[in-house]
Amino acid sequence: MNIHEFQAKQILARFGAPVPQGQPASNAAEAGQAFASLGAPRAVVKAQIHAGGRGKAGGVKLVSSASEASEFAGKLLGKPLVTHQTGPQGRVVRRVYIEQASEVARELYLGMVVDRKAECVAVIASTEGGMEIEEVAAKTPDKIVTEPVDPVIGLGGFQSRKLAFALGLRDKQVGQFGALLNSLYRAFIETDASLIEINPLVVTKDGSVVCLDAKLSFDDNALFRHPELRELRDSNEEDPAETEAAKFDLSYVHLDGNIGCMVNGAGLAMATMDIVKYYGAEPANFLDVGGGANSQKVAAAFRILLSDERVRAVLVNIFGGIMLCDVLAQGVVDAAREVKLEVPLVVRMEGTNVEKGKQILKDSGIKVIAASDMADAARRVVEAIGVSRPAS
Ligand code: GDP
Ligand code: MN
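As the structure is a prediction and not an experimental result, all values here were calculated from the model.

*Asks:* Talk me through the sheet that holds strand E3 (residues 60–63); I want residue IDs and the actual numbers.
*Replies:* Where strands meet in a sheet, backbone hydrogen bonds hold them as pairs that are either parallel or antiparallel. Pairing is antiparallel across the open sheet formed by 4 strands, whose spatial order is E1-E6-E2-E3. The strands lining the two open edges of the sheet, one partner per strand, are strand E1 (22–25) and E3. Sheet twist, expressed as the mean angle between neighbouring strand axes with direction ignored, is 20°. In this structure, strand E2 (residues 43–47) lies alongside E3, joined through 4 bridges in antiparallel fashion. Residue pairing for E3: Lys 46 is matched across the bridge by Val 60. Helix H1 (residues 5–14) contacts E1, E2 and strand E6 (96–100) of the sheet and is inclined by roughly 45° relative to E6. Across the sheet, helix H3 (residues 66–76) touches E2, E3 and E6, and the angle it forms with E3 is around 165°.

Structure below.
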């Protein structure tokens, strides 16, 4: 789960990380008041959307009066902001953040991620702040320094110093940076984060180290331990189909293709996406209905799949281990009737009660293209949308 910059900064500040003073606002008047209450000569007004690249897209502005703050907020609010991370439709700005301006001398990059290979949290730092780290990694990988954090010992002082020196920090900044890293690491562990990204981390003209931007993502599987963090979810920032899927406890990820896929088991779902691509088409989604899905859940999954206008055919690929094929079939039939299915439906199922399941499909009167195995199913669904590219 992602949260807004201002929320991330509030959380990081609670852990002692240095962030500028600021206030969110949801209308122009509030933005002006926020400027006044900061009591600083200059502030930065920042669009709050779950996407980066706001600076280049005109979503961040330095202002020096309350009227300027409210004017710029008025321009941003209620309209979509298009950045290179939002897609062409952009994201509607519903809130802005007004923050005391910092005098920036240097922009650095600082990140913390879960390094699955090393089985620990890794700190990533670079002198190339303000740029996307993926770009730095591609062009100048030698400018990125990584330190794995031992989960038992924690972040060592020697590691903080090594990173500080790699960033060119000096004197009191080294100690400040060490304290900042400790705050971030504690925040990471205690909130069950999956990512913290401070881009840029800045050195101000008076020599302090400050988090100028903050991105914080949490591990969804640990959110049950943090009801207060769950409250920060902003459904406006999420794909409505994904929000609907979450209600039914379905793992659904929207993709760009046009073959709707309904599968049980993450591994089988991945394999299904692969085989659809292999036969020349693109999956519209990843969808794992889970092992013990009942027919309501299957019907919900089916509705969500078809709510995507781009879907031109549906492929159901189920292995009935714990899941029963007849339950699945009933769910598909119910949903197909409810949504008045108009696109071709290919079903491949195998496993427990498969004969019963096939009978339900047959008796339903719904046009189902039955497939004998996975390759056959993929071939048929690709044929159904009129793409034909023989697999080599
Ligand atoms: P992003 O573009 O969405 O990643 O938004 P950021 O929060 O990173 O802001 C973009 C850029 O605006 C930063 O890289 C800075 O160069 C600039 N910026 C943001 N806040 C300040 C500030 O307080 N003072 C100065 N001088 N520049 C700022
Ligand atoms: Mn940034």
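Now that the structure has been shown, the text picks up again.
*Asks:* Pulling in residues and values, what's your account of the coordination of the manganese ion (ligand 2)?
*Replies:* Protein coordination at the manganese ion (ligand 2): the donors are Asn 199 (O) and Asp 213 (OD), at 2.2 Å from the metal. With Asn 199 in strand E10 (residues 193–204) and Asp 213 in the loop between strand E11 (209–211) and strand E12 (215–218), the pair connects residues that are 14 residues apart, well separated along the chain. Comparing Asn 199 with Asp 213 shows no difference in burial state: the two are buried.

*Asks:* Which residues make up the packing of helix H5 (residues 157–166) against helix H6 (residues 172–190), and what are the values?
*Replies:* Where H5 meets H6, the axes come as close as 9 Å, and the angle between the chain directions of the two elements is 120°. As the angle between them shows, H5 and H6 are arranged oblique. Seen along the crossing, H5 lies across H6 with a hand that is right-handed. Packed against H5, whose contacting residues are Ser 160, Arg 161, Leu 163, Ala 164 and Phe 165, the element H6 presents Val 174, Phe 177, Gly 178 and Leu 181 at the interface. Considered class by class, the residues forming the contact of H5 with H6 number 6 nonpolar, 2 polar and 1 charged.

*Asks:* Quick rundown of the site of ligand 1? Include the residues and the values.
*Replies:* Surrounding ligand 1, one finds 15 residues, the nearest of these being Lys 46, Arg 54, Gly 55, Ser 102 and Glu 107. Separating an oxygen atom of ligand 1 from a side-chain N or O atom of Glu 107 is a distance of 2.5 Å. Side-chain polar atom of Asp 213 to an oxygen atom of ligand 1: 3.1 Å apart, as the coordinates give it. For ligand 1, whose unbound accessible area comes to 560 Å², protein coverage reaches 78%. Mapped by element, the contributors of at least two residues to the shell around ligand 1 are E2, strand E7 (104–115) and E10. Of the residues assigned to the shell around ligand 1, the class counts are 6 nonpolar, 5 polar and 4 charged. Of the domains in this structure, domain 1 (1–20 + 103–237) and domain 2 (21–101) are the two that each give at least three residues to the shell around ligand 1.

*Asks:* Any details on the packing of aromatic side chains? Residues and values, ideally.
*Replies:* Given two aromatic rings, their pairing is described by the distance between the two centres and the angle made by the two planes. Evaluated as defined, the whole model comprises 2 aromatic pairs. Summarising the aromatic geometry, the rings of Tyr 278 and Tyr 279 are spaced 5.2 Å apart at their centres and angled 90° between planes, so their arrangement reads as edge-to-face. The partly exposed category is assigned to Tyr 278, whose relative accessible area is 40%.

*Asks:* Describe the environment of Arg 91, listing the residues and the values that go with them.
*Replies:* Assignment of secondary structure puts Arg 91 in strand E5 (residues 91–92). Counting along the chain gives 12 residues from Arg 91 to Lys 79, while the straight-line C-alpha distance between them is 7.8 Å. Once you skip the residues sitting within four places of it in the chain, Arg 91 turns out to touch Ile 49, His 50, Lys 79, Pro 80, Leu 81, Thr 86 and Glu 237. Reaching out from Arg 91, the side chain makes a polar contact with the backbone oxygen of His 50 at a distance of 3.1 Å.

Basis of the calculations
- The residue count restarts for each chain, going from 1 along the sequence in the order it is written.
- Written order decides the labels, with chains lettered from A and ligands numbered from 1.
- Totals for whole chains, interfaces and linings use every residue, but because this is a predicted model, local features are given only for residues with pLDDT of at least 70 and side-chain atom pairs only at 80 or more, for both listing and counting.
- Side-chain figures throughout are based on the complete set of non-hydrogen atoms in the structure, without hydrogens or water.
- A pair of strands is labelled paired if DSSP reports no fewer than 2 bridges between them.
- Secondary structure elements are taken from DSSP: a helix is a run of H or I of four residues or more, a strand is a run of E of two residues or more, and numbering for both begins at the N terminus.
- Geometry is summarised by axes, namely lines fitted to C-alpha atoms with helices restricted to the contacting stretch, and by angles between N-to-C directions that run from 0 to 180 degrees.
- When checking whether two residues touch, look at their non-hydrogen atoms; a contact exists if any pair is within 4.5 Å.
- Only nitrogen, oxygen and sulfur atoms qualify as donors, and only when within 2.8 Å of the metal (3.2 Å in the case of Na, K and Ca); with water excluded, sites may look incomplete.
- Exposure categories follow from relative accessible area, calculated using a 1.4 Å probe and restricted to protein chains: below 20% of the type maximum is buried, above 50% is exposed, and the middle band is partly exposed.
- Orientation categories follow fixed angle ranges, with anything under 35 degrees roughly parallel, anything over 145 roughly antiparallel, 65 to 115 roughly perpendicular, and all other angles oblique.
- Whether a crossing is left-handed or right-handed is set by the direction in which the near helix is turned from the far one by less than a right angle, anticlockwise for left-handed and clockwise for right-handed.
- Each residue receives one of three labels: charged for Asp, Glu, Lys and Arg, nonpolar for Ala, Val, Leu, Ile, Met, Phe, Trp, Tyr, Cys and Pro, and polar for the others, Gly being one of them.
- Being near a molecule or strand, for a residue, comes down to having at least one heavy atom within 4 Å of it.
- Think of a polar contact as two N or O atoms within 3.5 Å of one another; within protein, one of them needs to be a possible hydrogen donor and the other a possible acceptor, and neighboring residues in sequence only count if both atoms come from side chains.
- Using the Shrake-Rupley algorithm and a 1.4 Å probe, accessible areas are obtained, with residue cover drawn only from the displayed protein chains.
- Domain start and end points were adopted from an automatic or database domain assignment.
- Pairing of aromatic side chains requires ring centres within 6.5 Å, counting the rings of Phe and Tyr and the six-membered ring of Trp. Pairs whose planes differ by under 30 degrees are stacked, by over 60 edge-to-face, and all others tilted.

Honestly, it's all geometry; don't read function into it.
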